[in-house]
Every structure is written in C-alpha cells, then in structure tokens.
Amino acid sequence: METANFFKDPNSVKIWDSYFRRVSNELRLLDKETADDMSAEIKSHLWQSFEESYQGDEVSALLNAVEKLGEPEDFLRKNVAEILIESGTRRFSIISITKGLLVNIGTGLKNLILSFLFFTGYLFVLAFGILSFVKIFYPQNVGFFTWDDGRLVVGYTSNPEFSNELLGYWIIPVMLLLSVILYVLLTRLVRLVLSGRNKKLTEG
Amino acid sequence: MNIEKWQSQIRKGTLEFIILLTLRKEEFYGYELIKKIKSTIEIETSEGTIYPILTRLKTLAYVTTRWDNPESGMPRKYYKITNEGNKMLSLMTAEWKSYSGSINRLIED
C-alpha cells in the first residue's frame, strides 16, 4: 500500500516515508522476507494508530501515532541483532552471526563486551583457517616453532632461523581442526547466551 | 531506587507473561493486542517494544502468526498461542501465584 494512496497532506507523506526509511535502514541486514514482514507489520500498526487519532488533521494524527509507536532505532535494533544471531547459530552461518554481533554492539555496554569477546573468538577461527592455506605458499614460515632459548610460535613467523619445526605439513589439518572445533564451540556458546537471555525474559 | 523505576522494571519484566495471558483465549494482531493490554494494565514504554517480544515468543514457538488481508485497510498479522506457549503459560502462572503469595504473606506479617 503506497502512502500517496491515502494521505492528502504532502507533509504526512514526508513523515511516513521518513519513518519507513529509518525502519528499512534498521532492517537492512535481515533477509528480504523477514524485513518485509516486519516492515509490513509496523506499517499496519502505524496506519491503524493514525486512523484512530485522526480528527481532521493528518499531520498531528500521524505524529501522535509515531510518538506512541516509538523510534525504530530503539525497538528494532536489539530485535534485529537477536534474529541474526539466532538464525546464524541455527544455520551455523558465520556471516549472520557476525552481522548480529555488529548490530549488538550498539545496544548497551554488556552486549558490547559480549560481542567483542565472541568477535575475537571468530577472528581466531578465521586466522586458523587462513594459516592452514598460508602454509602451502610459505611452508618455511608457518608451523609449530620452538627455539633453544625457550621461545615458541604456533602460526606464522618471518624469522624461522635456528628453530625446530615440530609439525611439518600436519599443521594444516591441525589448524583446520582447531578452526572447526573453535567455531562449533563459539556458535554453541552464542546460542547458549541467547537461550539464557530468552529464558530469563520469559521467566519474567 | 525510586518508585517509577521499580514500577517500570516490574512492568517490563512481566510483559511476556501479560502477552501470553492476553493471547490464551483469542488471537490478536499487534495493534489490537497492545490496545487490549493497555485497557487492563498501564504500560509506559513505547508501543514498538512489544514487537521484539512477539518475535522472541515466536522464535521460542510459544506463538504462531498468520497474515489477514481485509478488503479495506492494511493487512494484519495475527498472533496465536501454541500448545508450547500454553504449557509455558501454565508454568509462569503457577510461579506467579506462588511468588505473589509469598510476597502477600510478607506484607501481611
């Protein structure tokens, strides 16, 4: 339903369109079907609230409905983060989880810290995966290195001279395995945090 | 702690319970649900805050949704409580009665 079909005052059209630009901006990271569903529901709500407030002045009625509904940034951001993380952990999608964690950063200090910790964990997942490929191209620089003075490097070193390399090409399956294990553990942990939050909320 | 903050915490903390209680007998669409809740309980938060809670209840399979397209006006998304939702509501109701009973006894002591 297009706004031009039901508003007579151009200012009402501007207010409506501006509000739904903000809604679309908040929903942009969701898949199209979910975003369209949520946007349609908010439109339906705002329209009914407007209709009830309307007593001849479109702009006043619409502003009143907008005020009662609230700012899209306030009520949608946390919701979007939860949807992305929940669907990401269900489908084991690192892209969806990362998007959710990034949105979550803006929803409070506790979520910022949690997002940072999980994000760091996923960076390690990525790093382990990348190292296993780097080994193919720089076999002398990637591995499990020890030196006689007690130094130890697991990963990449630009100066492997005088070191003992313990794993050879076994570093590739080891890194891949570590990457997969860390990924599964982190994803389960994110899901656990999320379900704990849901449980806490539903228990009131 | 002031009374307004305390009231707000209680209301926010029980909103999921209130939504499930409201949905237990009939299905409602979002705007209608808020109006129904507001007619019995004072809610200070913006109306939009109900939608993240409804999404969460749907994720937990406590409610299902369906779209209805009336001949005139905007389409409406209806929420209906599921068997899982009713089971959770029974647990929540029992907990609420037990907890409020304990508080009442403390008040009367």
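Below is a short write-up of the structure. These numbers come from a predicted model, not from an experiment. (Residues numbered from 1 in each chain as written. Chains lettered and ligands numbered in written order. Predicted model: local features only at pLDDT ≥ 70, side-chain atom pairs only at ≥ 80, totals over all residues.)

### What to know about the packing of helix α2 (residues 15-23) of chain B against helix α5 (residues 83-108) of chain B
Any two packed helices are characterised by the angle at which their axes cross and by the distance between the axes. Residues and elements named next belong to chain B. The contact between α2 and α5 brings their axes to 10 Å, and the two run at 120 degrees. Between α2 and α5, the angle falls in the class oblique. The handedness of the crossing between α2 and α5 is left-handed. Contacts from Phe17, Leu20 and Leu21 of α2 reach α5 at Gly85, Met88, Leu89, Met92 and Trp96. Tallied by class, residues from the contact of α2 with α5 come to seven nonpolar, one polar and no charged. (Axes fitted to C-alpha atoms, helices over the stretch in contact; angles between N-to-C directions. Helix = DSSP H or I, 4+ residues; strand = E, 2+ residues; numbered from the N terminus. Parallel < 35°, antiparallel > 145°, perpendicular 65-115°, else oblique. Left-handed = near helix turned anticlockwise from the far one by under 90°. Contact = placed C-beta atoms within 7 Å. Nonpolar A, V, L, I, M, F, W, Y, C, P; charged D, E, K, R; others polar.)

### Points about the sheet that holds strand β1 (residues 142-146) of chain A
Taken in spatial order, the three strands make up an open sheet running β2-β1-β3 (chain A), and their pairing is antiparallel. Among the strands making up the open sheet, the edge pair consists of β2 (152-156) and β3 (164-165) of chain A. (Pairing = 2+ DSSP bridges.)

### Observations regarding the pairing of strand β3 (residues 76-81) of chain B
Every other side chain in a regular strand lies on the same face of the sheet, so the side chains alternate between the two faces. All names here are of chain B. Pairing of strand β1 (residues 28-29) with β3 involves two bridges; the strand directions are antiparallel. Bridge pairing links Tyr29 to Tyr78 in β3. Both strand β2 (residues 63-68) and β3 contribute to a ladder of six bridges, which runs antiparallel. Within the sheet, the bridge partner assigned to Thr65 lies in β3 and is Tyr79.

### A short note on the pairing of β1(A)
All names here are of chain A. In this structure, β1 lies alongside β2, joined through five bridges in antiparallel fashion. Note that in β2 the partner of Phe145 across the bridge is Val153. Linking β1 to β2, which pair antiparallel, is a turn of five residues; within it Gly150 sits at a positive phi near 100 degrees.

### Notes on the packing of helix α1 (residues 10-27) of chain A against helix α4 (residues 72-91) of chain A
Residue and element names in this part refer to chain A. One can describe the packing of α1 onto α4 by two numbers: an axis separation of 9 Å at closest approach and a directional angle of 20 degrees. It follows from the interaxial angle that α1 and α4 lie roughly parallel. Relative to α4, α1 is oriented so that their crossing is right-handed. Within the contact between the two elements, α1 uses Arg22, Val23, Glu26 and Leu27 and α4 uses Pro72, Glu73, Leu76, Arg77 and Val80. Its residues assigned to classes, the contact of α1 with α4 shows five nonpolar, no polar and four charged.

### Structural notes on the sheet that holds β2(B)
Pairing is antiparallel in the open sheet, where three strands are placed in the order β1-β3-β2 (chain B). The open sheet has two free edges, formed respectively by β1 and β2 of chain B, since each of these has just one partner strand.

### Details of the nonpolar core
The tendency in soluble globular proteins is for nonpolar side chains to be buried as a group. By size, the foremost hydrophobic cluster in this structure holds 53 residues, and its most contacted members are Leu46(A), Val80(A), Leu20(B), Leu23(B), Leu33(B) and Val63(B). It is α4(A) that contributes the most residues to this core, seven residues altogether. When we break this core down by domain, the ones giving at least three residues each are domain 1 (1-70) and domain 2 (93-204) of chain A. Aside from chain neighbours lying at most four places away, what touches Leu20(B) is Tyr62(B), Ile81(B), Gly85(B), Met88(B), Leu89(B) and Met92(B). (Core = buried A, V, L, I, M, F, W, Y, C linked by C-beta atoms within 7 Å. Buried ≥ 20, exposed ≤ 12 C-beta atoms within 10 Å, placed from the backbone. Domains from an automatic or database assignment.)

### Here we look at helix α2 (residues 32-53) of chain A
In this model α2(A) runs 31 Å from its N-terminal to its C-terminal C-alpha over 22 residues, within 8% of the 32 Å that 1.5 Å per residue would give. Here α2(A) has its buried residues at Met38(A), Glu41(A), Ile42(A), Ser44(A), His45(A), Leu46(A), Trp47(A), Ser49(A) and Phe50(A). Of the surrounding elements, those touching the buried residues of α2(A) are α1 and α3 (58-69) of chain A together with α3 (30-40), α4 (50-59) and β3 of chain B. (Expected span 1.5 Å × (residues − 1).)

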